[in-house]
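The lines below spell out each chain.
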Amino acid sequence: MADIAELTALIEPEVKALGFDLVRIKLFGSGDEYTLQIMAENPKTKQLVIEDCAAISRRISDVMDEVDPIEEAYRLEVSSPGVDRPLTRLSDFMEWASHEAKISATEIVEGRKSFRGVLNGVEGEDILFTDAKAGDVVIPFSLVSDAKLVLTDRLISASMPLSSDGADEFETEE
């Protein structure tokens with residue numbers, strides 16, 4: 001299986017060259033069913049439109065065909081992080097401060113490994129967090145194994161789509 005750090009070093013410059021930020025690279029599956037998932041975003045909108053995904057996919061496909069860093073057959077999937085996005089960079093925890101999130105740690109932090117509550121930002125390399133059960137906690141970013149925003153009405157409002165063109169154009173049968 002390919003090394004994620006090597007894939008990131010190969011893919012991130014290509015994504016940046018198109019004007020986007022890389023959010024996450026994930027390679028998963030088994031046997032002959034592997035998927036290389038690339039999440040990216042426009043730094044201004046925090047979203048991608050379908051044309052952005054297509055442009056990234058074409059560029060990454062060309063590079064991957066040339067370098068061939070993954071021995072196994074795989075499917076390439078390019079997407080926007082979505083509303084309940086994963087939090088993968090320290091800057092994500094600052095940018096989405098005041099929103100609800102779930103965080104899993106690789107080691108016990110203040111008696112727990114799983115947290116659900118409100119992001120309060122960052123201080124240095126630490127995430128400031130108010131857990132619904134444990135209260136205020138400081139979670140070292142280096143110990144985060146998984147983190148994502150929790151879907152709430154407030155988050156939906158903060159993540160409105162770039163365009164609603166076509167949203168009213170479908171018809172239903174009565």
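Residues numbered from 1 in each chain as written. Predicted model: local features only at pLDDT ≥ 70, side-chain atom pairs only at ≥ 80, totals over all residues. Heavy atoms only, no water.

Undergrad: Help me understand the packing of aromatic side chains, please; the structure alone is not making it clear to me.
TA: What describes a pair of aromatic rings is the distance from one ring centre to the other and the angle between the planes of the rings. In the structure shown here, the tally under the stated rule is 2 aromatic pairs. Here the aromatic rings of Phe 93 and Phe 141 are separated by 5.9 Å at their centres, their planes lie at 75 degrees, and the arrangement is edge-to-face. Of this pair, Phe 93 sits in helix 3 (residues 90–95) while Phe 141 sits in the loop between strand 7 (135–140) and strand 8 (144–149), placing them 48 residues apart in sequence. The residue whose ring lies beneath Lys 26 is Phe 28, and the NZ or CZ to ring-centre distance is 5.8 Å. (Phe/Tyr/Trp six-rings, centres within 6.5 Å; stacked < 30°, edge-to-face > 60°. Helix = DSSP H or I, 4+ residues; strand = E, 2+ residues; numbered from the N terminus. Lys NZ or Arg CZ within 6 Å of the ring centre and 35° of its normal.)

Undergrad: Explain the pattern of salt bridges to me, please; I cannot follow it from the model alone.
TA: Pairing between side chains of opposite charge can happen when their charged atoms approach one another. Counting across every chain of the model gives 9 salt bridges. A salt bridge links Lys 46 to Glu 95; the nearest nitrogen and oxygen atoms lie 3.3 Å apart. A residue pair is termed long-range when its members are at least 10 positions apart, and Lys 46 in the loop between strand 2 (33–41) and helix 2 (50–67) and Glu 95 in helix 3 qualify at 49 residues. The exposure class assigned to Lys 46 is buried, which follows from its relative accessible area of 19%. (Salt bridge = Lys/Arg side-chain N within 4 Å of Asp/Glu carboxyl O. Buried < 20%, exposed > 50% of the residue type's maximum accessible area, 1.4 Å probe, protein only.)

Undergrad: I tried to follow the packing of helix 1 (residues 4–17) against helix 2 on my own but got confused; where do I start?
TA: Axes are the key here: two packed helices are described by the angle between their axes and the distance separating the axes. Across the interface, helix 1 lies against helix 2 with an axial gap of 10 Å and an inter-helix angle of 145 degrees. Considering the relative orientation of helix 1 and helix 2, their crossing is right-handed. Along the contact surface, helix 1 presents Leu 7, Leu 10, Ile 11, Glu 14, Val 15 and Ala 17, while helix 2 presents Ile 56, Arg 59, Ile 60, Val 63, Met 64 and Val 67. In the contact of helix 1 with helix 2, the residues fall into 10 nonpolar, no polar and 2 charged. (Axes fitted to C-alpha atoms, helices over the stretch in contact; angles between N-to-C directions. Left-handed = near helix turned anticlockwise from the far one by under 90°. Contact = heavy atoms within 4.5 Å. Nonpolar A, V, L, I, M, F, W, Y, C, P; charged D, E, K, R; others polar.)

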